[in-house]
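One-letter residues, chain by chain:
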Amino acid sequence: MRLLVTGGLGFIGSNFILKILNENNDVHITNVDAELDGSNRKNLQNLENSNNYEFFKGNISNKKLMEEQITKCDAVVNFAAESFVDRSINDANPFLVSNIRGAFTILDIITKQKKRMIQISTDEVFGSLSTGTATEQTKFNPSSPYAATKAAAELIINSYSTTFDSDVIITRCTNNYGPRQFAEKLIPKTIMLAYQNKKIPIYGNGKNVRDWIYVDDHCDAVSLALFNGKKGESYNVSAYNEINNITIVKKILDIMDKSEDLIEFVEDRPGHDFRYSMDSQKISTELKWKTKLNFKDGLEKTIQWYIDNPEIMNNSSSTILNSTPWKISN
Ligand SMILES: NC(=O)c1ccc[n+]([C@@H]2O[C@H](COP(=O)([O-])OP(=O)(O)OC[C@H]3O[C@@H](n4cnc5c(N)ncnc54)[C@H](O)[C@@H]3O)[C@@H](O)[C@H]2O)c1
């Protein structure tokens, strides 16, 4: 099988590529990534001499490039996206280009070429839920510009499924953590700052709840959707692991044997959703997906990975570790 993975130099895409190539000898992967925020060539440097892997620097909104690449493959897994909510508050335009135009470019081509597409989406499309949990039938209610662009991509994909019977599957996942995540996100940022004994900024009162999943468990879900999923379906992916931010930061400090005095509450970001929650019974029942790692073990493994990869720790610039990145002006 020849697979086109987009956004494969980022956090989840790189973990997915490593996992698929590790588990399958007969899969060839082409990775198209524009090397934007979140990307890191070092994430896949071990594959540089692999016969089953090649990399093209390019943008998924480039129709000609995507036509050429999709012609050579059997299926596309679209991880490519502008993924930093804070930055979408600062400037939403790149989010429209990558997350809507880019996804649409792939969608239109795979429909004409009759190929399969897996679109990687997010629980953020459902917006903040004070109670209850979102199923595949729950109405979208995105709050941030990022979430709105991901929801928009889903809507155009659904319209193509209905109108053209396109072979598209959407997976929607909760917050991922694990190795290779860009330093600006909560867990790596906390690990790196704690390691350097620097203050750890927490938005607002730190009570915002996210549902955390180890990245390998998410990659398993994407792989099941790719190989066994039913066209036109969407699958929610949740590990049922809802925790607030302050609890996570305290757990990391505890594992790293650091003082809670490092915690510093800072101004909350605008429109900060209070809680996300999703039900993932459908993928568990229909595709037999289940998580493999509990949160404690996953967190310990993640912390160890960052400590074992000091070049990533040292590369974290002060801009990345800024306490209010949504205020960065372009
Ligand atoms: N991280 C999470 O917790 C999470 C949860 C649910 C869904 N998702 C979704 O999973 C996907 C991957 O997220 P991530 O955390 O790995 O993000 P990331 O920011 O680490 O990686 C995104 C990658 O996409 C590339 N990219 C962006 N726009 C591109 C374009 N127009 N053309 C080509 N490449 C482009 C970037 O260069 C980067 O390498 C995204 O679609 C995101 O919306 C992420």
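Look above for the structure.
Residues numbered from 1 in each chain as written. Predicted model: local features only at pLDDT ≥ 70, side-chain atom pairs only at ≥ 80, totals over all residues. Heavy atoms only, no water.

Draft legend 1. Expanded view of the site of the ligand. Near the ligand lie 30 residues; those nearest to it are Asp33, Leu36, Ser83, Tyr146 and Lys150. At 3.2 Å, a backbone N or O of Gly10 approaches an oxygen atom of the ligand. Asn176 is positioned with one of its backbone polar atoms (N or O) 2.8 Å from an oxygen atom of the ligand. Its free accessible area being 830 Å², the ligand has 97% of it covered by the protein chains. For the shell around the ligand, the secondary-structure elements that each account for two or more residues are α1 (11-23), β5 (116-122), α5 (145-164) and β7 (175-177). Counting residues per element, the shell around the ligand draws most heavily on β5, which supplies three residues. Among the residues making up the shell around the ligand, the classes are represented as 13 nonpolar, 13 polar and four charged. (Near = heavy atom within 4 Å. Polar contact = N/O pair within 3.5 Å; in protein donor to acceptor, adjacent residues only side chain to side chain. Areas by Shrake-Rupley, 256 points an atom, 1.4 Å probe, with all protein chains shown as cover. Helix = DSSP H or I, 4+ residues; strand = E, 2+ residues; numbered from the N terminus. Nonpolar A, V, L, I, M, F, W, Y, C, P; charged D, E, K, R; others polar.)

Draft legend 2. Main features of the pairing of strand β8 (residues 200-203). Residues Ile200 and Ile202 of β8 are buried on one face, and the alternating residues Pro201 and Tyr203, pointing to the opposite face, are buried as well. As paired strands, β8 and strand β12 (residues 263-266) are joined by four bridges and run parallel to one another. From the neighbouring strand, Ile200 faces β12, where its bridge partner is Ile263. (Buried < 20%, exposed > 50% of the residue type's maximum accessible area, 1.4 Å probe, protein only. Pairing = 2+ DSSP bridges.)

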